[in-house]
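Close look at the chain arrangement
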Amino acid sequence: MADRERLDQPRDLRRGLRSNLAARREADPERFGRFAESAARFLGTARFIAWMTIFILVWIVWNVPYGPDRPRWDDYPFIFLTLILSLQASYAAPLILLAQNRQEARDRIAAEQDRDAAARSHADMEFLAREVASLRIGLGEVATRDFLRGELRSFLAELEKDDEPAEQD
């Protein structure tokens, strides 16, 4: 869409059904990963366990040989139920692993960013510590109010001593 809005670029002249379908539907490499994460997130909930338990109980109650006569599609060893549960597990395990791999990659990136931020903070703290130390050294050389008062008093005392002999002459 963005390419078509640009007037300085020629249109791509694709012909044929396959190229038009491919152009319309570009594969998003992250789509399956997002699907795997949402499936793994659902498979790890109490809601999924409750629904799966209800499904299995209904399946078993329906297919036991006791009770009214009804069509049963999976007799006692429940081989079809076992097949369905195995199929569900065979798809759930790779989806969960893919979701864990994606989460691990996100965690690794977050840890790298945290380390970088910590290094920057450490460098900033060292800089500020050096600045505070230089300010303390600089303040040691600055005349304080008490120091100035003491110097002025001693200077005034010296002036008064110098004025006393001149007044006696």
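For clarity, every value in this text was computed on a predicted model and none was experimentally measured.

1. Some thoughts on the overall build of the protein
Counting its secondary structure elements, the protein contains six helices and zero strands. In the protein, the succession of helices and strands from N to C terminus is α-α-α-α-α-α. For the protein, the residues scored as buried account for 10% of the 169 residues in total. Long-range contacts, defined here as pairs at least 24 residues apart, represent 49% of the contacts in the protein between residues at least 6 apart.

2. Thoughts on a nonpolar patch on the surface
Taken together, the side chains of Trp62, Trp73, Phe80 and Leu83 present a nonpolar region at the surface, about 430 Å² in accessible area. By relative accessible area, which is 35% here, tryptophan 62 ends up partly exposed.

3. Description of the packing of aromatic side chains
In this description, a pair of aromatic rings is defined by centroid distance and the angle of the planes. Scanning the model with the defined rule gives seven aromatic pairs in all. An angle of 40 degrees between the planes, with centres 5.5 Å apart, marks the rings of tryptophan 59 and phenylalanine 80 as tilted. One end of the pair, tryptophan 59, is in helix α4 (residues 46–63); the other, phenylalanine 80, is in helix α5 (residues 79–141), and 21 residues separate them in sequence. With relative accessibility at 7%, the residue tryptophan 59 sits in the buried group. Positioned above the aromatic ring of tryptophan 62, the side-chain terminus of arginine 70 is 5.0 Å from the ring centre.

4. Here's the deal with the pattern of salt bridges
Taken as a whole and assessed by the stated rule, the structure comprises five salt bridges. Two residues, arginine 34 and aspartate 28, come together in a salt bridge whose shortest N-O distance is 2.6 Å. The class of arginine 34 is partly exposed, set by a relative accessible area of 42%. Arginine 106 is the partner of glutamate 37 in a salt bridge, and the nearest nitrogen-oxygen pair spans 2.8 Å. Residue glutamate 37 is located in helix α3 (residues 31–43), and its partner arginine 106 is located in helix α5; the two are separated by 69 residues in the primary sequence. Given the relative accessible area of 37%, arginine 106 is considered partly exposed. When salt bridges with common partners are traced through the structure, they connect Glu30, Glu37, Arg102 and Arg106 into a single cluster.

5. Observations concerning the packing of α4 against α5
Here α4 crosses α5 at 160 degrees, and the two axes come no closer than 11 Å. In terms of orientation, α4 and α5 fall into the roughly antiparallel class. Handedness of the α4/α5 crossing: right-handed. Of the residues in α5, those touching α4 at Phe48, Met52, Phe55, Ile56, Trp59 and Ile60 are Phe80, Leu81, Ile84, Leu85 and Gln88.

6. Overview of unusual backbone geometry
The phi angle at phenylalanine 78 is positive, at roughly 50 degrees, despite the residue not being glycine. Here phenylalanine 78 lies in the loop between α4 and α5.

7. Quick notes on α4
Between its first and last C-alpha, α4 extends 26 Å over 18 residues, near the 26 Å set by a 1.5 Å rise per residue. Among the residues of α4, Phe48, Met52, Trp59 and Asn63 are the ones counted as buried. When α4 is viewed along its axis, its buried side chains cluster within an angular range of 30 degrees and face the same direction. For α4, the exposed residues lying more than 90 degrees away from the buried face are Ala46, Arg47, Leu57, Val58 and Val61. Against α3 and α5 lie the buried residues of α4.

8. A look at the side chain of glutamate 37
Judged by its relative accessible area of 10%, glutamate 37 falls in the buried class. What glutamate 37 contacts, discounting residues up to four positions off in sequence, is Ala99, Arg102, Gln103 and Arg106.

9. Things to note about α5
Compared with the 93 Å implied by 1.5 Å per residue over 63 residues, the 91 Å span of α5 between its first and last C-alpha is a close match. On its buried face, α5 is in contact with α3 and α4.

Rules used in this analysis
- The residue count restarts for each chain, going from 1 along the sequence in the order it is written.
- In keeping with the model being predicted, local features are shown solely for residues with a pLDDT of at least 70 and side-chain atom pairs are shown and tallied solely at 80 or more, while totals for entire chains, interfaces and linings include all residues.
- Heavy atoms throughout the structure, all of them, feed into the side-chain values; hydrogens and water do not.
- The secondary structure listing takes helices from DSSP runs of H or I that are at least 4 residues long and strands from runs of E that are at least 2 residues long, numbered from the N terminus.
- We call a residue buried when its accessible area falls under 20% of the maximum for its residue type, exposed when it is over 50%, and partly exposed in between, using a 1.4 Å probe and counting protein chains only.
- Contact between two residues is taken to exist if any of their heavy atoms lie within 4.5 Å; hydrogens are not considered.
- Note that patches include only residues with greater than 30% relative accessible area and no salt bridge, and the join distances are 9 Å for like charges and 5 Å for nonpolar side chains (Val, Leu, Ile, Met, Phe, Trp, Tyr).
- Where accessible areas are quoted, they stem from the Shrake-Rupley method and a 1.4 Å probe; at the residue level, only the protein chains shown are allowed to cover.
- When a carboxyl oxygen of Asp or Glu is within 4 Å of a side-chain nitrogen of Lys or Arg, the pair counts as a salt bridge.
- Any two rings among Phe, Tyr and Trp, with Trp reduced to its six-membered ring, count as a pair given centres within 6.5 Å; such a pair is stacked if its planes are under 30 degrees apart, edge-to-face if over 60, and tilted if neither.
- Charge-over-ring placement is defined geometrically: NZ (Lys) or CZ (Arg) within 6 Å of the ring centre, and within 35 degrees of the ring normal.
- Structural elements are reduced to axes, namely lines fitted to C-alpha atoms, with helices fitted over the stretch in contact, and the angle between N-to-C directions of any two is expressed from 0 to 180 degrees.
- Note that the term roughly parallel is reserved for angles under 35 degrees, roughly antiparallel for angles over 145, roughly perpendicular for angles of 65 to 115, and oblique for everything else.
- Take the far helix as your reference; a near helix turned counterclockwise from it by less than a right angle gives a left-handed crossing, and one turned clockwise gives a right-handed crossing.
- Expected helix span is given by 1.5 Å per residue-to-residue step, counting one fewer step than there are residues.
- What the arc covers is the set of directions going from the helix axis to the C-beta atoms.

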